[in-house]
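Notes for the structure review
Chain residues, written in single-letter form:
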Amino acid sequence: MYMEDMASPRLLWYRFCYFFARCAATPFVRFKINYTYDKVHAKHRPYLALSNHTTLWDYLLVGVPFRRQMYYVAGEHLFRNKILRTVVMNCAGLIIRKKGAPADDMIAEMKQVLKSGANVWMSPEGARSINGESAFISPATGKLVKECAELGAGLITYRIHGGYLRRPRWGKHQRKGKMWGEFVAEYSPEELMSKSVDEINEIINRDMYVNTFDDQKKNPTPYKGEALAENLETTLYVCPKCRAVGKLHSKDDILSCECGYKVRFTEYGLFEAAGDDELIIDNIATWDHWQRDYFKERLPEFLEYPEDKPVEFDDNQILKRIGALKSVDVLGKGRFAIYKDRFEFQTEEEKYVFPFEEIGGFAFSLQMKILFSMKDGTYYEVDSEIPRSAVKYMVLYRFLIGKEYY
């Protein structure tokens with residue numbers, strides 16, 4: 001007998017809602033958003049399901065192939081609307097994760113759910129793909145999976161293809177094109193217990209890996225839409241010709257630098273030359289790896305900057321403080337800057353200083369939101385009134401505190 005056979009009334013309600021939502025969502029994902037998928041018939045329950053993260057639809061793209069109800073690990077920032085939060089929290093099993101903050105509470109709740117016999121889905125990347133390639137997965141994920149196996153939970157791995165180009169994280173508009181879901185593997189608790197944490201991490205990284213541009217080069221698939229390149233400068237922030245930061249601008253299907261370098265983003269997700277210069281890099285993932293390496297090369301220079309010289313900054317920014325009950329206080333508008341040892345936010349009335357040594361966690365979400373928590377528990381968000389990259393601040397922050405960014 002599975003533990004789930006003795007489910008609580010709340011879990012039974014969640015299962016009913018999941019069944020109803022799955023039946024309603026299946027025609028939508030199959031015909032409206034052109035999604036085909038491998039169905040999943042789990043041999044072991046409860047289980048932890050892991051998938052890569054490419055769209056805001058992932059909960060549907062995974063939920064439809066998985067017949068049995070799952071609790072979803074979801075970001076707190078998605079449920080600040082009180083009506084949406086009330087409806088979702090009363091109809092779906094959710095495990096809330098606050099981005100840019102320690103994950104201890106989320107992990108404890110996940111384990112409690114698995115102990116009750118229910119299943120859990122999460123994306124170990126923690127955020128939608130930035131550049132079309134599966135993102136870094138924390139080595140702590142392997143430890144978590146093994147601890148879940150000790151509670152009797154199996155592991156299922158699943159891959160989603162096509163989502164990045166259908167609705168790029170940076171994109172202003174969605175496009176038309178196919179997506180498909182691929183069942184990769186199922187691992188029993190006994191299998192997981194026989195492996196080391198490092199071996200489990202190898203499994204997760206192998207099973208989760210997707211490179212959109214490898215897919216496109218093997219099997220070119222069009223993703224048609226309007227303004228294909230607009231807001232791409234929120235992901236690509238260094239020009240490969242002149243190496244200026246923050247000088248790239250997009251319009252329609254063109255991404256151009258103030259130096260004159262220009263590329264066209266095609267419906268196949270690849271770049272082609274659009275000006276007098278030869279094409280330097282043909283895809284977003286390769287460009288992104290190059291710009292990260294460029295920042296890393298310049299790290300010794302950044303660390304020698306005077307105390308009052310910012311490494312990078314943007315104007316027209318909005319600083320918010322997020323309260324414990326999801327309340328949002330706007331603290332002001334102005335300049336957000338990163339220095340070699342701190343962040344600063346300067347409004348007309350006040351300057352806020354956030355030393356790196358006092359920051360507990362740092363992340364970004366959606367297209368341009370920057371999220372970070374302080375060790376005293378306060379939680380902040382920086383939004384932008386103009387297209388600007390949140391990614392560049394994450395990369396610089398990681399390098400300046402002596403850590404890698406993968």
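Residues numbered from 1 in each chain as written. Predicted model: local features only at pLDDT ≥ 70, side-chain atom pairs only at ≥ 80, totals over all residues. Heavy atoms only, no water.

Here the focus is the environment of C148. By the element assignment, C148 lies in helix α5 (residues 140-150). Sequence separation between C148 and L192 is 44 residues, and the spatial gap between their C-alpha atoms is 9.4 Å. When sequence neighbours within four positions are dropped, the list of residues in contact with C148 reads L48, M110, L114 and A153. (Helix = DSSP H or I, 4+ residues; strand = E, 2+ residues; numbered from the N terminus. Contact = heavy atoms within 4.5 Å.)

So, on to the confidence of the model for the protein chain. Averaged over every residue, the pLDDT of the protein chain is 90; the share at 70 or more is 92%. Low pLDDT (under 50) marks residues 1-6, which in the prediction has 13 contacts with non-local residues, meaning those over four places away or in another chain. (pLDDT = per-residue confidence, 0-100.)

Take the packing of α5 against helix α8 (residues 197-208) next. When two helices pack together, their arrangement is given by the angle between their axes and by how far apart the axes lie. Running from N to C, α5 and α8 point in directions that differ by 105°, and their axes come no closer than 8 Å. Compared by their axis directions, α5 and α8 come out roughly perpendicular. Contacts between α5 and α8 involve T141, G142, K143, V145 and K146 from the former and V197, I200, N201 and I204 from the latter. When grouped by side-chain class, the residues that make up the contact of α5 with α8 number 4 nonpolar, 3 polar and 2 charged. (Axes fitted to C-alpha atoms, helices over the stretch in contact; angles between N-to-C directions. Parallel < 35°, antiparallel > 145°, perpendicular 65-115°, else oblique. Nonpolar A, V, L, I, M, F, W, Y, C, P; charged D, E, K, R; others polar.)

Further remarks concern the sheet that holds strand β16 (residues 359-365). On the basis of which strands lie adjacent, the open sheet formed by 7 strands has the order β15-β14-β13-β12-β18-β17-β16 and antiparallel pairing. Across the chains shown, the open sheet's two edge strands, defined by having one partner strand only, are β15 (351-355) and β16. Within the sheet, the average angular offset between the axes of one strand and its neighbour, ignoring direction, is 30°. By the bridge criterion, 9 bridges tie strand β12 (residues 312-322) to strand β13 (residues 328-338) in an arrangement that is antiparallel. What sits directly across from R321, in β13, is D329. (Pairing = 2+ DSSP bridges.)

Grouped together as the largest cluster of nonpolar side chains are 37 residues, with contacts concentrated most on F295, I338, F343, F354 and F372. Going through the elements one at a time, α10 (284-303), β13, β14 (342-347), β15, β16, β17 (369-374), β18 (379-384) and α11 (391-400) are the ones with two or more residues in this core. The greatest single-element share of this core, amounting to 8 residues, is contributed by α11. Ignoring anything within four residues of it in the chain, the contact list for F343 reads F336, A337, I338, Y352, V353, F354, F356, I359, F362, Y393 and Y397. In terms of nonpolar packing, the next biggest core, distinct from the first, is built from 29 residues, Y14, C148, Y187 and M208 among them. (Core = buried A, V, L, I, M, F, W, Y, C linked by side-chain atoms within 4.5 Å. Buried < 20%, exposed > 50% of the residue type's maximum accessible area, 1.4 Å probe, protein only.)

Attention now moves to the pairing of β13. Pairing analysis gives 5 bridges linking β13 to β14, with the strands arranged antiparallel. Each residue of the ladder has a partner; that of R335, found in β14, is Q346. In this structure, the hairpin formed by β13 and β14 is closed by a connection of 3 residues.

Read across the sheet, 4 strands follow the order β8-β9-β10-β11 without closing on themselves; strand pairing throughout is antiparallel. Looking along the sheet, the strands with just one partner apiece sit at the ends: β8 (248-251) and β11 (271-273). When the angles between neighbouring strand axes are averaged without regard to direction, this sheet yields 30°. Sheet analysis places strand β9 (residues 254-257) next to strand β10 (residues 262-265), joined by 3 bridges and oriented antiparallel. Within the sheet, the bridge partner assigned to S256 lies in β10 and is K262.

Looking now at helix α4 (residues 104-115). The terminal C-alpha atoms of α4 lie 17 Å apart, and with 12 residues this matches the ideal 16 Å at 1.5 Å per residue to within 8%. Listed as buried for α4 are M106, M110, V113 and L114. End-on view of α4: buried residues confined to an arc of 95°, all on one side of the axis. Those residues of α4 that are exposed and aimed more than 90 degrees away from the buried face are D104 and D105. Backbone geometry just downstream of α4 places G117 in the positive-phi region, at approximately 100°. (Expected span 1.5 Å × (residues − 1). Arc of directions from axis to C-beta.)

A few words now on the pattern of salt bridges. Scanning all chains against the criterion turns up 23 salt bridges. Across the salt bridge formed by K296 and E404, the nearest N and O atoms sit 2.8 Å from each other. You can see K296 sitting in helix α10 and its partner E404 sitting in the segment after α11, a full 108 residues away along the chain. For K296, a relative accessible area of 37% translates into the label partly exposed. Each member of the salt-bridge network shares a partner with another, and the members are E307, K340, D341, R342 and E344. (Salt bridge = Lys/Arg side-chain N within 4 Å of Asp/Glu carboxyl O.)

You can see D58 is positioned in helix α2 (residues 58-63). D58 gets classed as buried once you look at its relative accessible area, which sits at 1%. Taking the C-alpha atoms as reference points, D58 and G163, 105 residues apart in sequence, are found 8.7 Å from one another. Beyond its immediate sequence surroundings of up to four residues, D58 is in contact with N52, H53, G63, W121 and I160.

Before going further, it helps to examine the packing of aromatic side chains. Throughout the structure, instances matching the rule amount to 27 aromatic pairs. A ring pair is formed by F302 and Y305, whose centres lie 5.7 Å apart and whose planes are at 75°; its orientation type is edge-to-face. The exposure class assigned to Y305 is buried, which follows from its relative accessible area of 9%. Positioned over the ring face of W180 is K178, at 5.5 Å from the centre of the ring. Its end group placed over the ring of Y339, R342 keeps NZ or CZ at 3.9 Å from the ring centre. (Phe/Tyr/Trp six-rings, centres within 6.5 Å; stacked < 30°, edge-to-face > 60°. Lys NZ or Arg CZ within 6 Å of the ring centre and 35° of its normal.)

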